[in-house]
Amino acid sequence: MSEFNDKQEATAEKKEFTTLNLGPTHPATHGIFQNVLQMDGEIIHDAVPTIGYIHRAFEKLAERRPYAQIRPITDRLNYCSSPINNMGWDMTVEKLIKAQIPKRVEYMRIVIMELSRIADHIICNSVIGVDTGALTGFTYIFQWREKIYEIFEDICGARLTTNIGRIGGFERQWTDSTWAKIDSFMKEFPAILKEFEKLLMRNRIFMERTIGAGPVKADRALEYGFTGPNLRAAGIDYDVRVMNPYSSYEDFQFDIPIGKEGDVYDRFMVREEEMWQSLRIIEQALKKIDRKDPVIHADVPEFFLPPKEEVYNNMEALIYHFKIVMGETDVPVGEVYHAVEGGNGELGFYLISDGGRTPYRLHFRRPCFIYYQAYPELIKGSMLSDAILTMSSMNVIAGELDA
Amino acid sequence: MAVVTDEKTQALHDQTLARLQEKFSAGLVSSVCDYDFPVFTVENEIIHDVLAFLKNDADLNYHFLTTLCTVHYPENHGKEFCLVYQLHNMPQNRRIRIKTFIPEQKPEIPTVTDIWETANWMERQEYDFFGVKFTGHPNLVRILNMEDITFFPMRKEFPLEDPTRDDKNDSMFGR
């Protein structure tokens, strides 16, 4: 009997932490993330994230590729909203070469970018539902993500890694079926989103799981370089679309939703409201676009591939075609930084050109990479199940994290 | 290299330049406007002081570190690495770019992790790819590459593809 008592005392004195390897591949982390957790029972005492499992050296690759060939790389950053990355890159080059983009093209880009923002937020928000145990919303709303991907497929032939658009505009006119798909999405989606919200927003179980989980205060969020929905959930109304409007976002009326506590619930709510605002923007853009207008690109013949018939029949077009494909186009010397509001925040392209066929240096500001370093601080002292929830609500995308 | 820029950027440039000159007259190497960014180049000895001043000064208030990256110029002897800091003042929406050069022989620069928490991983990334040593950094280890590689892959001398390949002839095209 006395032996048992001694033992009990000894264990009480020597408190031991359990080391738990969460990842690299774990069904609950939705991607390749490793976190070595130091656990005190079910409470997380400390965490060390290890990243780089899908690092593909994009910045180095970009130093070899001509400007037009860098777009497919950007697809693979945040692959949940590739079109935003594609267009962000195109706009960076357009800024460097000082191209004047027609309004129609800019509005068409906005339609695509907002659709992909909706697709991105659908994934994040429905996955928060899955991690709290509500699989229904996920399986239901994913059909409408599929419809967005069908629109992309109609425009560019690809679904996930889209490579949509070209430097200067779009590669071809949108077809009647594209417009029809966009119209039907705009007609049907609001009711679906409403229903999805009904499922989770005021759901007692969902609220109890998410309110107060993984909170971050505004000053810490800024210190950690948060941008996008995660920063807005903490109460800072910073949105690149409003602060530094690109692609004529200044012509549109929309609100920036902000949260207060910066917890999982606030992040969910901010993304939810952003989807409504995106719908509002698309609606305005559709009204502004003249569907019969043939303009689909800016007048930048040195960067925009001429139509194939002209290449075969017109010498000038043949020369441009050759120069673009071989990457022989002259670009100005200079440095530009262009930022777009990606699905996760400020996605920046810092491009240094020395006039050569490829960038001298291209640095991507990947919002995921920057804010994921705050993850240990967010989950310290919380339960393991909240850590999973926090990660999915931060929308950490492995492609963007590792570049 | 200076590009004709808009009045707003020029005004921001002039205003920030005046404040920097007043405080760091000797260490300021040059300043230009490049597209929509005012760019200031400073001596590497004072980079930490300059960044701390820009963040903590109530008027300037560049409280947000947008990007931190390195550029390698192998021909620029004695100043091979360029550290680029892009700062943002969100309330007034002002952005500036600060540059400083360090030699490849002694690639050391003080860390800014004490000014911005977010610089932690950014600096680890630059160490990983360029071998820039940020003195005072709490945990300067590789972040994206594996720990036991011995080279710094973003340096210009590191080949972009396998140099022993002979199935490709680029001599006709490309520059």
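Bear in mind the structure is a predicted one, so any value in this text is a computation, not a measurement.

What's the story with the overall build of chain B in this structure? I'm lost.
For chain B, the count of helices and strands is three helices and seven strands. In chain B, the succession of helices and strands from N to C terminus is α-β-β-α-β-β-β-β-α-β. Viewed in the frame of its principal axes, chain B has a C-alpha envelope of about 60 × 40 × 30 Å. When burial is assessed residue by residue, chain B has 54% of its 175 residues classed as buried. Sequence-distant contacts in chain B: of pairs separated by 6 or more residues, those separated by 24 or more amount to 54%. With an accessible surface of roughly 8300 Å², chain B has 50% of that area assigned to carbon and sulfur atoms. The distance from the centre of the 18 positive side-chain charges to the centre of the 28 negative ones in chain B is 2 Å.

Before we go on, may I ask you to explain the nonpolar core in this structure?
As a rule of thumb, nonpolar side chains are buried together in soluble globular proteins. Grouped together as the largest cluster of nonpolar side chains are 171 residues, with contacts concentrated most on Phe185(A), Phe189(A), Tyr85(B), Leu87(B) and Ile98(B). Take this core: its biggest share by element is 15 residues, from helix α5 (residues 103–131) of chain A. The residues contacting Leu87(B), other than those within four sequence positions of it, are Leu51(B), Leu54(B), Tyr62(B), Phe64(B), Leu65(B), Thr66(B), Arg94(B), Arg95(B), Ile96(B), Ile98(B) and Trp116(B).

What am I meant to see in the sheet that holds strand β4 (residues 334–341) of chain A here?
Backbone hydrogen bonds hold the strands of a sheet together, and the pairing may be parallel or antiparallel. All names here are of chain A. The three strands are arranged β4-β5-β6 in an open sheet whose pairing can be described as antiparallel. Lying at the two open borders of the sheet, with one neighbouring strand each, are β4 and β6 (361–365). Strand-to-strand twist of the sheet, defined as the mean angle between neighbouring strand axes without regard to direction, takes the value 10°. Where β4 and strand β5 (residues 346–353) come together, eight bridges link them in antiparallel fashion. Across the sheet, the residue bridging to His-338 is Phe-349, located in β5.

Any chance you could explain the packing of α5(A) against helix α7 (residues 176–200) of chain A here in plain terms?
Packed helix pairs are characterised by how far apart their axes lie and by the angle those axes make with each other. All names here are of chain A. Viewed as axis vectors pointing N to C, α5 and α7 meet at an angle of 30°, and their least axial separation amounts to 13 Å. Here α5 lies roughly parallel to α7, going by the angle between them. Both α5 and α7 take part in a crossing whose hand is left-handed. Two secondary-structure elements touch here, α5 through Arg-104, Val-111, Leu-115, Ile-118, Ile-122, Asn-125, Ser-126 and Gly-129 and α7 through Trp-179, Ile-182, Phe-185, Phe-189, Phe-196 and Leu-200. Taken together, the residues of the contact of α5 with α7 sort by class into ten nonpolar, three polar and one charged.

Looking at this structure, how should I read the pairing of β5(A)?
Put simply, side chains in a regular strand alternate between the two faces of the sheet. Residue and element names in this part refer to chain A. Most of β5 sits inside the fold, with eight of its eight residues counted as buried. Every second residue of β5 is oriented toward a common face, with Glu-346, Gly-348, Tyr-350 and Ile-352 on one face and Leu-347, Phe-349, Leu-351 and Ser-353 on the other, all of them buried. In textbook terms, the turn of a hairpin is the stretch between consecutive antiparallel strands, and for β4 and β5 this stretch comprises four residues, one of which, Gly-345, has a positive phi near 140°. Where β5 lies against β6, five bridges are found, and the strand directions are antiparallel. Each residue of the ladder has a partner; that of Tyr-350, found in β6, is His-363.

Looking at this structure, I do not really get helix α14 (residues 315–326) of chain A. What am I missing?
Note on helix geometry: an α-helix contains 3.6 residues per turn, so any two residues three or four positions apart are oriented the same way. All names here are of chain A. For α14, with twelve residues, the first-to-last C-alpha span of 16 Å sits near the 16 Å given by 1.5 Å per residue. Along α14, the positions that sit buried rather than exposed are Ala-317, His-321 and Ile-324. End-on, the buried residues of α14 take up no more than an arc of 70°, which puts them together on one face. Away from its buried face by more than 90 degrees, α14 exposes Met-315 and Glu-316. On its buried face, α14 sits against α13 (308–313).

Quick question: what am I supposed to make of the interface of chain A and chain B here?
For an interface, size is often stated in terms of accessible area lost upon the parts coming together. Chain A puts 49 residues into the contact, and the matching count from chain B is 54 residues. When chain A packs against chain B, the two sides together hide about 4400 Å² of surface, and 56% of this comes from carbon and sulfur. Contact with chain B buries area across many residues of chain A, yet Lys60(A), Glu335(A) and Tyr360(A) alone supply 16% of it, more than any other trio. Where chain A packs against chain B, one counts eight salt bridges. In this structure, the salt-bridge partner of Glu335(A) is Lys99(B), at a minimum N-O distance of 2.7 Å. The interface formed by chain A and chain B contains 23 residue pairs in polar contact (both at pLDDT 80 or more). Looking at which element gives the most residues to the side of chain A that touches chain B, the answer is β4(A), with four residues.

What is the right way to look at the sheet that holds strand β2 (residues 34–40) of chain A in this model?
Residues and elements named next belong to chain A. Across the sheet, which stays open at both edges, the three strands sit in the order β1-β2-β3 with antiparallel pairing between neighbours. In this open sheet, the two strands that pair with only one neighbour each are β1 (18–22) and β3 (43–50). The mean inter-strand angle of the sheet, taken between neighbouring strand axes irrespective of direction, is 25°. In the sheet, β2 pairs with β3 via seven bridges, with the strands oriented antiparallel. Its bridge partner lying in β3, Gln-34 is registered against Thr-50.

I tried to follow the environment of Phe58(A) on my own but got confused; where do I start?
Residue and element names in this part refer to chain A. Structurally, the position occupied by Phe-58 is in helix α2 (residues 58–62). Overall, the relative accessible area of 4% leaves Phe-58 in the buried class. It is 21 Å that separates the C-alpha atoms of Phe-58 and Gln-34, two residues lying 24 residues apart in sequence. Residues in contact with Phe-58, not counting those within four places in the same chain, are Ile-73, Arg-76, Leu-77, Phe-364 and Ala-403.

Procedures and definitions
- Residues numbered from 1 in each chain as written.
- Chains lettered and ligands numbered in written order.
- Predicted model: local features only at pLDDT ≥ 70, side-chain atom pairs only at ≥ 80, totals over all residues.
- Heavy atoms only, no water.
- Helix = DSSP H or I, 4+ residues; strand = E, 2+ residues; numbered from the N terminus.
- Buried < 20%, exposed > 50% of the residue type's maximum accessible area, 1.4 Å probe, protein only.
- Contact = heavy atoms within 4.5 Å.
- Areas by Shrake-Rupley, 256 points an atom, 1.4 Å probe, with all protein chains shown as cover.
- Lys, Arg positive; Asp, Glu negative; His and termini not counted.
- Charge placed at Lys NZ, Arg CZ, Asp CG, Glu CD.
- Core = buried A, V, L, I, M, F, W, Y, C linked by side-chain atoms within 4.5 Å.
- Pairing = 2+ DSSP bridges.
- Axes fitted to C-alpha atoms, helices over the stretch in contact; angles between N-to-C directions.
- Parallel < 35°, antiparallel > 145°, perpendicular 65-115°, else oblique.
- Left-handed = near helix turned anticlockwise from the far one by under 90°.
- Nonpolar A, V, L, I, M, F, W, Y, C, P; charged D, E, K, R; others polar.
- Expected span 1.5 Å × (residues − 1).
- Arc of directions from axis to C-beta.
- Buried area = accessible area lost by both parts, 1.4 Å probe.
- Salt bridge = Lys/Arg side-chain N within 4 Å of Asp/Glu carboxyl O.
- Polar contact = N/O pair within 3.5 Å; in protein donor to acceptor, adjacent residues only side chain to side chain.

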